[in-house]
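One letter stands for each residue in the lines below.
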Amino acid sequence: AAGVIQSPRHLIKEKRETATLKCYPIPRHDTVYWYQQGPGQDPQFLISFYEKMQSDKGSIPDRFSAQQFSDYHSELNMSSLELGDSALYFCASSSRDSSGGELFFGEGSRLTVL
Amino acid sequence: AQSVTQLDSHVSVSEGTPVLLRCNYSSSYSPSLFWYVQHPNKGLQLLLKYTSAATLVKGINGFEAEFKKSETSFHLTKPSAHMSDAAEYFCVVSDPVSGTYKYIFGTGTRLKVLA
């Protein structure tokens, strides 16, 4: 079965550079979530989209932005990168119509800022 | 607002012995509850979910959890631990927000399995 696809899996950037992470949800899933997980931390919710509109916002820095496109894939754009942005970034998708409402996670994109 | 508390940050068990990972929640609604497992440098995998059907939920890899409304608990158990169970476990509650869902994570329990 198709899963959530994230790219790139690994990314190394310098401070003050920009980075873009991509997420391709499971087909027919209408909601995408972005999480940031620092070393030894639980996942922190950044932002979510439902039917291409932002549905909820968490602890996303102003330097970050995200959007969901017409094909339902989503991109997380990060600018003026800081050392503290080094983390594992997860995308998850779900379907509002599914009885369980569970999240399906991608394998994550590991960002290292030097 | 909903919240989740995982009572133990670390749990160590010997291989072949029972596993108990504790989770308490607070909710204003009839909650949906989930347990996810995360192996090192991997994504989160759903173990099991409770969505107001049977209170005893069976999941993958021999795990199960019981929803106890009176105790606001959703503890994860397994009769016999295997070395491959060593991982981080997250208890999650979902909260309806504007027609979709917000997922609140516990802080995680790291399970160590001793040979």
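Scroll up a little and you will see the structure.
The following refers to the structure shown. (Residues numbered from 1 in each chain as written. Chains lettered and ligands numbered in written order. Predicted model: local features only at pLDDT ≥ 70, side-chain atom pairs only at ≥ 80, totals over all residues. Heavy atoms only, no water.)

What to know about the layout of surface pockets
The rolling of a water-molecule-sized probe over the atoms marks out the regions of remaining empty space. Estimates place the volume of the largest pocket at around 380 Å³. Along its surface, the largest pocket is lined by 23 residues, and A:Q37, A:G38, A:P39, A:G40 and B:R110 are the ones closest to its centre. Sorting the residues of the lining of the largest pocket by element identifies β9 (87-94) and β11 (109-113) of chain A together with β10 (87-97) of chain B as the ones contributing at least two each. Its residues assigned to classes, the lining of the largest pocket shows seven nonpolar, twelve polar and four charged. Looking at the second largest pocket, it is lined by 17 residues, and the ones nearest its centre are A:F104, A:F105, B:L44, B:Q45 and B:L46. Of all the secondary structure elements, the ones that give two or more residues to the lining of the second largest pocket are β10 (104-105) of chain A together with β6 (44-50) of chain B. Examining the composition of the lining of the second largest pocket, we find that five residues originate from one element, β6(B), more than from any other. A breakdown of the residues in the lining of the second largest pocket according to their chemical character gives twelve nonpolar, four polar and one charged. (1 Å grid on protein atoms, 1.4 Å probe; cavity = no way out; pocket = protein on both sides within 12 Å on 5 of 7 lines; lining within 4 Å. Points joined across faces, edges and corners; volume = space filled by probe spheres on them. Helix = DSSP H or I, 4+ residues; strand = E, 2+ residues; numbered from the N terminus. Nonpolar A, V, L, I, M, F, W, Y, C, P; charged D, E, K, R; others polar.)

A closer look at the environment of A:N77
Residues and elements named next belong to chain A. Looking at where N77 falls in the secondary structure, it is placed in strand β8 (residues 74-78). With 55 residues separating them along the chain, N77 and K22 place their C-alpha atoms 8.9 Å apart. Once residues within four sequence positions are removed from consideration, N77 is found in contact with A19, T20, R63, F64 and S65. Among the polar contacts made by the side chain of N77, one reaches the side chain of T20 at a distance of 2.9 Å. (Contact = heavy atoms within 4.5 Å. Polar contact = N/O pair within 3.5 Å; in protein donor to acceptor, adjacent residues only side chain to side chain.)

Quick word on unusual backbone geometry
What is expected of a backbone is that most residues other than glycine have negative phi and most peptide bonds are trans. Residue and element names in this part refer to chain A. P8 follows S7 through a cis peptide bond whose omega is -10 degrees. Along the chain, the position of P8 falls in the loop between β1 (5-7) and β2 (10-13). For R28, which is not glycine, the phi torsion reads 75 degrees and is therefore positive. Counting through the fold element by element, R28 comes out in the loop between β3 (19-24) and β4 (31-37). Here S80, not a glycine, exhibits a phi torsion of approximately 45 degrees, which is positive. Along the chain, S80 turns up in the loop between β8 and β9. Look at S80 and you get partly exposed, because its relative accessible area is 39%. (Buried < 20%, exposed > 50% of the residue type's maximum accessible area, 1.4 Å probe, protein only.)

A word on the packing of aromatic side chains
In this description, an aromatic ring pair is defined by two values, namely the gap between the centres and the angle between the planes. In total, this model carries 16 aromatic pairs over all chains according to the counting rule given. An angle of 25 degrees between the planes, with centres 5.7 Å apart, marks the rings of B:Y25 and B:F67 as stacked. Of this pair, B:Y25 sits in strand β4 (residues 23-26) while B:F67 sits in strand β8 (residues 64-68), and the two are 42 residues apart along the sequence. On the basis of relative accessible area, B:F67 is assigned to the buried category, the value being 8%. These aromatic residues form a ring-pair network of at least three members: A:Y33, A:Y35, A:F45, A:F90, A:F105, B:F34, B:Y36, B:F90, B:Y103 and B:F105. (Phe/Tyr/Trp six-rings, centres within 6.5 Å; stacked < 30°, edge-to-face > 60°.)

Describing the interface of chain B and chain A
Residue-level contacts link 20 residues of chain B with 24 residues of chain A. Between chain B and chain A the total buried area reaches about 1,900 Å² when both faces are included, carbon and sulfur atoms providing 54% of it. In terms of surface lost to chain A, no three residues of chain B exceed B:T100, B:Y103 and B:F105, which account for 28% of the buried area on that side. Between A:E102 and B:K49 there is a salt bridge whose closest N-O contact spans 2.9 Å. (Buried area = accessible area lost by both parts, 1.4 Å probe. Salt bridge = Lys/Arg side-chain N within 4 Å of Asp/Glu carboxyl O.)

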